[in-house]
Every structure is written in C-alpha cells, then in structure tokens.
Protein chains: 2
Amino acid sequence: MIRVPELIERKRDGGELSADELRALMLGYARDEVPDYQLAAFCMAVFFRGLSGAETYALTEAMIETGETIDLHSALGRKVVDKHSTGGVGDKTSIAVGPIVAACGVPFAKLSGRGLGHTGGTLDKLESIPGFRVELSTDELVAQVRDAGMAIAGAGANLVPADKRLYALRDVTATVDSLPLIASSIMSKKVAAGADAIVLDVKVGEGAFMKTLDDARALAGLMRDLGARFGRETVCLLTDMDQPLGRAVGNALEIREAIATLRDEGPPDFAELVETATARLLALSDLGLAETDARARVRDVLAEGSAVSAFERWIHAQGGDPDEGALPEAPVVHELRSPEPGYIAELHSLPVGLAALHLGAGRRTKDDSVDHAVGIVCLAKRGDRVEQDQPLAEIHARTDEAAQEAAEELQAAYVFAGEPPAERPIVLDVLA
Amino acid sequence: MIRVPELIERKRDGGELSADELRALMLGYARDEVPDYQLAAFCMAVFFRGLSGAETYALTEAMIETGETIDLHSALGRKVVDKHSTGGVGDKTSIAVGPIVAACGVPFAKLSGRGLGHTGGTLDKLESIPGFRVELSTDELVAQVRDAGMAIAGAGANLVPADKRLYALRDVTATVDSLPLIASSIMSKKVAAGADAIVLDVKVGEGAFMKTLDDARALAGLMRDLGARFGRETVCLLTDMDQPLGRAVGNALEIREAIATLRDEGPPDFAELVETATARLLALSDLGLAETDARARVRDVLAEGSAVSAFERWIHAQGGDPDEGALPEAPVVHELRSPEPGYIAELHSLPVGLAALHLGAGRRTKDDSVDHAVGIVCLAKRGDRVEQDQPLAEIHARTDEAAQEAAEELQAAYVFAGEPPAERPIVLDVLA
C-alpha cells in the first residue's frame, strides 16, 4: 500500500518519486483507490516543483497502463506515422497531411479529440462532412489504414482513461499549465495509439497554449525525449500561432481549405506547414527518404492530383461524401471591409478564434453542439497591403445579428500600419 | 457564483484574493458546493505562495462563519481568558494553569481536542479521571465557569466545522505545513470559543510541529496579529520541545504531575512554564495586574493550597473524582537504568512520545482507543548527572513485553556526555 500523503510531501519538498511510486499513484487513481483531492494536491506540487525526465516517463507509462494500447505496427506489418498538434486557430493540418502521406504509400493513423474553447477539434471539422463516421473500432481502424491508406478517428474511452480523468481534474484545479503534465498527457495518447514515428506541431503565440517560444521549445524537448524513451521517433515543429493558420476558421470552411490545399491551391502559410510536416513524416517513414527528396515527393503528389484522390478514398472509406458541394453552407455571408488603407501589421488569432466560437463553430462547454457551417475566412492576413473598403474577411453566420457581432470582434483583431511588418515564417523552429 | 479555478490560479501565480472571494470559497466548501479537490489544490498553492495578513484574516473569519460562536464575555459579564498549546510531548500545561487562574478569581474557559500521533490531547488526559465529562453544552460550560471558576470541554462538532473538514483534507494532501493555514486553523477555534484574551504556547523543537525557533516565531507572529484583528489580546510563548515537558508522558501520569504542580511540587521546567503562562493570563485579565505582581499572586496561590482546591472544585463540577488515588495505574512498572555514568546531554522528545504512543497512551489513527494508565516518567532529564545503573525513567505498561519494547525506544532517547550541556530555558521567547 502506498502512502500517498508521503509521496505528495516529497514532491512538494522538491524530491523525486520512483517509477514504482508513480505507477502505484496513477493506477490507484484509475482504480478509484486514490481520490481526486490527493491527485489535485499532487498536480499542484508538480506545477511548482516539476518532474524529472525519469518521473515524466514513469507517469506517462503508468497512464498508458490504465487502458488499452493499439499495436498498429504488428497489425499492419509496416512502420506507421502520426501527426499531432497542440491546437490552434484554423488548424486543419492533419486533414491535409494525412492524404498526402497516404498518397505517398505510407500508412497514416491518427486518433483525435474534440475541441473545447477557441481552438477547434479535428473530429468536429471532419463531422462537417455528411456521413463521416468518427467512431471506429480498433479492427475497423486497422482495416481502413490497410485498405484506404489512412484513418482519423475518435480516441475510444479506453485509450488512456486516466488521462481523461486527470485532465478534467487539472482543468478545474488550475494545474493544466505544467509542462511535464502536458507532455505526459499528449505523449501517453500518442504512444498508446501505436504510431512508430510522430510529428508534433507545437503552436506558439497568443492563440496557442504555449505563449512564448521558450515555453514551446521546453515542451517540445520534453515530448521528443519522452517519445525517444518509448522508442518512438519524434520530431517537433514549433509553429506560429500569433495569427490564424491559413484563412479559414470554422469546421466546413476548414475542410474546404484542406481540400484546396490538396489541390495545391492552399494559402501560403498553411501550404508551407503542410509540406514541412508531411516531408518530416515521410523522412521518418519506412520509405527511407532524405528530407529534400521527401519534400520533392510531396510536391509531385500535390501536382499530379493523387493527394486529392487519397482524400476521397479516405473519406469514402469512413462513410463520408468527399464532394465539396456536400459540405454545409451558412445562410448569411457578411464581408468585413477595411476601415483604412495600409498594411496588416497583426491579425490577432485569439479574437478571431473567439469570434468563430461565438458564431457557433466551437464549444464553450463540453456539452455544447457545434454549428459546422459557420466561421470566418480571413481574406487579408499579416503583411498584406489593403486599400480602404477592401474586404478583409468573410463572416459565415447563422443570422445577420450574429454576423454583426462577429464583425465587431474581428475588426479588433486587425491592426494596421503604414509599413509592412517584419516577416515571420510559419515554421519557427524544428526539434528533431 | 465564484469561479474557483480562477481563484486557485491567481493564488498559484502569487496574486491576492479578496475577502469576498475567500469567504465564497470557504462557505462554498462548507456547503459542499466547492469540492475537496479544489480546496486541496488551493491549499497546495497556499503552501507555496502563502497568504497575506488580510487574506489570513478573511479566511479565518469565513471559517468561523461556517459554525456557531460562543460569546462568553456577554454570558459571564467578565473578561474571559484562554490558553492554547500547539501540542507537545508531556504537555499538561492547561490542566495546571486553569485551576491557578480560577483560584485567582479569573474565569478560565477552554475548548480542547483529542490527540493524534505522539502528542496527546488534553481531553484524553482529563478522561483518565473517573467520571470526568468532556462533553458540555454551551449552557453547561457557561454555568460551570460561573459556578466553579473554570471549564475545559470538548469542542462541539459545530465549532468551526469547516476547520475540521479542511484539517482532515490537509492531513492527507501534504498541506498541513503552511503557517497561515495553521494560524487560521488555531485562531478560528480560539475566536469562535469566545475568550477575550489568549495565551498561546508555541512549542519549538523536534517533538513539536514547529522544528525551528524561526518557524515558531513566524507562526506566533501570525497568530498574534490575527488575534489583534479579531480584537483578542494574544500573547505567544515560544517554549522548548526538544525534550519532554516535565517528567510524565501519558494520560493519568500527566494528571498526577499536574496535581503535584498545583501543590507546588512540580518538576522545575513544567512549573516554570505554568507560572509564566498563568502570570501572562492574569496580566491580560480584568484584574489589571502588572506581570511581576501577577507572578507573585501565582506564587501565593500555589503556596496557600488554593490552586489544589480550585482543581478539585473544577473536577467535581465536571463529574470527576479529583482524588489522585482514583486514577488508573498500569499493572507493570519497569525501570530503565543508565548504562553509563555521565550527564544527560539530550533527552529527545520524539522517541519518548513514540514510546508512550506504542505503549497505548496515544492514538495512531483517530479510531484507536487510549490506555489512560500507561506512559513514561522521565526521572532524569537534560542536564542531570547520573551514575551507572541509576534509574533514568519509569515505564508504566500493560505487559512486560510492551515495557521491554518501550525501554529500547526510550534508551535511544537518552544521549550522554562527559560534560553538562548548555542550559536551555523552557521559555525561549515571548511575543506580546
């Protein structure tokens, strides 16, 4: 029997817990033998004292042990790759990356979650597509990856159940903002879901969880090291989230933008991120490509149209209608026009995300339903030169009133200047 | 509706909470609207970040508001004094102080608790006395203080109920060791119990909650300031707990030592502490005595025997038999003898307390029962010169086997030296 107060006290006082102790703590929690209040105190002690690399690994391993794991490698006889983002405004990257990877002949399997707050979830975006099934059994997932080359599905309740409980507890006890706890939460699910190699997109900026490049780099380092301890090759991209990614923010609008990108007609920042992430995944895959060759391969697949075919094959396999015309459309489309001529110095992602949330594109609480049709398309982004009255953004809304409110929020997101701002690349850094 | 995670987060990040916020938090907790896990995280944040004087006051006030309060001053039409100790090994101070104060004509009322771990509780000690009733209603308490001059009774379940719950939570979440939380726990009960003036005995040393004089001084300062904010004159004595207080450790044995002290035959350190505490209480009382006069008054009361009479009046009033012969005696009394000649350099209080606990004098868990007869009498204490084979201590036990085990523990408590140790007074400092 572990003495939980002693473990909490040791962490509180800056000491280190053994792997056995962390395992007993976490399995005890999963079995309802260790109560929420002890975990809450423990997490707050971790917030202040941190966890060593060995502790983070042991905690992550114990969390994985609370549920089932998927061995995609054995099931498919291939090296499987996965991609994960820490969440941002307009982040539809996986929906474009998956089909390109699949088109290159590399199995892509991703278990995803739903969105809460101003950053949408990949599953919500996919559910814009009529008929699309997000719930797949493990057997269905494996079969689909084998037959259609890829799958993105909802993580079942039994994939790291301790993480679900612990995250909900951290959310209401102000203990979310701990880098080792964030790293173990993300990596436990990635490892349990069975990919051999993972590209992690760590968003940096005001619209992201990590506000500074230093924090993002620290988190990326923790996740890369955790991946290595579990024998998973992990590459982290640090990417800009000071402005929304691409132009579209909102579920069906983002699906359209992903399809456009697969047709090689995507917005430059998003297309660049998709190419970088995809090339990194291909370089990690069993194709054995060097990264420059991988990037050339991605360009080929986009140019020849096989990425779009892979997208259609995937959506069909998962029960959906891949035709863009089948996507829902909002009844009201309102244009926000520029109040002045000038350069866009900033397009703050947080108010854009909140405007989309208020239009109904996201959830304020986990029981909210999502309006797949509504959202925002940012026609002008940072660095663009605009004239007075030129359209800055389209607002796709359910009602005129909602559009008007969103216009006001959105207007505040745009900052103008007489000179163009310094260029800021989408990919800020890579940790491999 | 307060947003508890935001309050926890603000405290976590070093900010300050308003009185209204702390009140809402604590009353919400008492009403089961704020769950244990949020309080646990809050207390851990407080452990790291502390509380300001205003926050500590607001928290204490809110805790008091969760239950009933007793207005002794109005009920008795007199200034009422109280004495409290943070708990130590062999601490029977209140049982001797109360009768002396009462003998001087000053009303003394104390609500007390039971012991857990190696420091015994005053109620457990008093229950050694056959017939003694620790549970008094508020009306009975007031009547007894009026008629017999004093009372020491159990704190009812409705006196600061939030403190009971919070303390139990802190005990299992490693959040006990926070000076403002300790201060608010103690002072909430003192203020709710209604005394006008309070002498606090803050124990310092290995057998005490506060291990260092600095910590004890900090806690004393917090409690004195809290008392002042509530309009209660509060004097703090910082007293030595590196060795047991007096000679007796164990319930009935401590009652005997308290009676001996009332007869002016107590061990020097304990007698000195009793005189100091009593003189401080008299100086705070409505007698309007200067402290030197108060001390002379105490000496008189002890010399003329009226302290013993006051003790007998009190015990009778509360249903007990004040005759020493009525106290239980242990069937086995074993003498521990000195293995060598020399000076006692140290008599560590923690092993003495644990030996008494293991004999059955205390509780390991709150459901344990207490053996009132057993315990230890330390015949030799720090600074004493002993010859080889001279008795060091008496062990009062239920069985020979238990006595033998205690002897081994006790032996380890004694440290010998060729030279006498530096003198260390019982009262280390006074904060008034």
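## So, the overall build of chain A
Move 1: Looking only at helices and strands, chain A has 17 helices and 13 strands in total.
Move 2: At 22 Å, chain A has a C-alpha radius of gyration in line with the 22 Å of a compact globule built from 432 residues.
Move 3: Oriented by its inertia axes, the alpha-carbon framework of chain A measures out at about 70 × 45 × 40 Å.
Move 4: A total of 432 residues make up chain A; the buried ones form 56% of that total.
Move 5: On chain A, roughly 16100 Å² of surface is accessible, and the fraction owed to carbon and sulfur atoms is 47%.
Move 6: In chain A, the 44 positive side-chain charges and the 69 negative ones have mean positions that sit 4 Å from each other.

## Concerning helix α8 (residues 138-148) of chain B
Within an α-helix, residues lying three or four positions from one another point in the same direction, as the helix has 3.6 residues per turn.
All names here are of chain B.
Move 1: Looking at α8, one finds that the buried residues are Leu 141, Val 142, Gln 144, Val 145 and Ala 148. On an axial view of α8, the arc spanned by its buried residues comes to 170°, and they lie on one face. Residues of α8 that are exposed and point over 90 degrees away from its buried face: Asp 139, Arg 146 and Asp 147.
Move 2: Those residues of α8 that are buried are in contact with α5 (72-76), β2 (108-112), β3 (150-154) and α15 (306-317).
Move 3: Positive phi appears at Gly 149, one or two residues downstream of α8, with a value of about 90°.

## Quick word on the interface of chain B and chain A
Move 1: The partner chain A presents 22 residues to the 22 residues of chain B that form the contact.
Move 2: For the pair chain B and chain A, the summed buried area comes to about 1700 Å², and 72% of that belongs to carbon and sulfur atoms.
Move 3: The largest per-residue losses of area from chain B upon contact with chain A belong to Arg 12, Tyr 37 and Phe 48 of chain B, which jointly make up 36% of the total buried on that side.
Move 4: Across the chain B-chain A interface, the total number found is two salt bridges.
Move 5: Across the pair Asp 177 of chain A and Arg 12 of chain B runs a salt bridge whose closest N-O atoms are separated by 3.2 Å.
Move 6: For the pair chain B and chain A, the number of links is six residue pairs in polar contact (both at pLDDT 80 or more).
Move 7: Broken down by secondary-structure element, the contributors of at least two residues to the side of chain B that touches chain A are α1 (4-12), α3 (36-49) and α9 (161-171) of chain B.
Move 8: Sort the elements by how many residues they give to the side of chain B that touches chain A and α3 of chain B lands first, with 10 residues.

## Focus: α9 of chain B
Move 1: Turning to α9 of chain B, its buried residues number three or more, namely Ala 162, Asp 163, Leu 166, Leu 169 and Arg 170 of chain B. Down the axis of α9 of chain B, the smallest arc covering the buried residues is 130°, so these residues share one side.
Move 2: Residues of α9 of chain B that are buried in the fold lie against α3 (36-49) of chain A together with α2 (19-30), α3, α4 (53-65) and α10 (179-193) of chain B.

## Digging into the sheet that holds strand β7 (residues 332-337) of chain A
All names here are of chain A.
Move 1: On the basis of which strands lie adjacent, the open sheet formed by four strands has the order β6-β9-β11-β7 and antiparallel pairing. Every other strand in the sheet has two partners, leaving β6 (248-249) and β7 as the edge strands with one partner each.
Move 2: Where helix α17 (residues 400-413) meets the sheet, its contacts fall on β7, β9 (375-378) and β11 (391-397), and the angle it forms with β7 comes to roughly 25°.

## Side note on the sheet that holds strand β10 (residues 385-386) of chain B
All names here are of chain B.
Move 1: If you walk across this open sheet you meet the three strands as β10-β8-β12, and the pairing is antiparallel. Edge positions in the sheet fall to β10 and β12 (414-417), since each has one partner strand and no second.
Move 2: Of the strand pairs in this sheet, strand β8 (residues 342-347) and β12 are connected by four bridges, and their pairing is antiparallel. Bridge assignment links Ile 344 to a residue of β12, and that residue is Phe 416.

## As for the domain arrangement of chain A
All names here are of chain A.
Move 1: According to the domain assignment, chain A consists of domain 1 (4-50), domain 2 (72-324) and domain 3 (328-417).
Move 2: A buried area of about 2200 Å², summed over both sides, lies between domain 2 and domain 3, and 50% of it is on carbon and sulfur atoms.
Move 3: Counting every contact that joins domain 2 to domain 3 gives three salt bridges.
Move 4: Of the charged contacts in the structure, one is a salt bridge between Arg 382 and Asp 240, with a shortest N-O distance of 3.0 Å.

Calculation notes
- Residues numbered from 1 in each chain as written.
- Chains lettered and ligands numbered in written order.
- Predicted model: local features only at pLDDT ≥ 70, side-chain atom pairs only at ≥ 80, totals over all residues.
- Heavy atoms only, no water.
- Helix = DSSP H or I, 4+ residues; strand = E, 2+ residues; numbered from the N terminus.
- Rg over C-alpha atoms; globule rule 2.2 N^0.38 Å.
- Buried < 20%, exposed > 50% of the residue type's maximum accessible area, 1.4 Å probe, protein only.
- Areas by Shrake-Rupley, 256 points an atom, 1.4 Å probe, with all protein chains shown as cover.
- Lys, Arg positive; Asp, Glu negative; His and termini not counted.
- Charge placed at Lys NZ, Arg CZ, Asp CG, Glu CD.
- Arc of directions from axis to C-beta.
- Contact = heavy atoms within 4.5 Å.
- Buried area = accessible area lost by both parts, 1.4 Å probe.
- Salt bridge = Lys/Arg side-chain N within 4 Å of Asp/Glu carboxyl O.
- Polar contact = N/O pair within 3.5 Å; in protein donor to acceptor, adjacent residues only side chain to side chain.
- Pairing = 2+ DSSP bridges.
- Axes fitted to C-alpha atoms, helices over the stretch in contact; angles between N-to-C directions.
- Domains from an automatic or database assignment.

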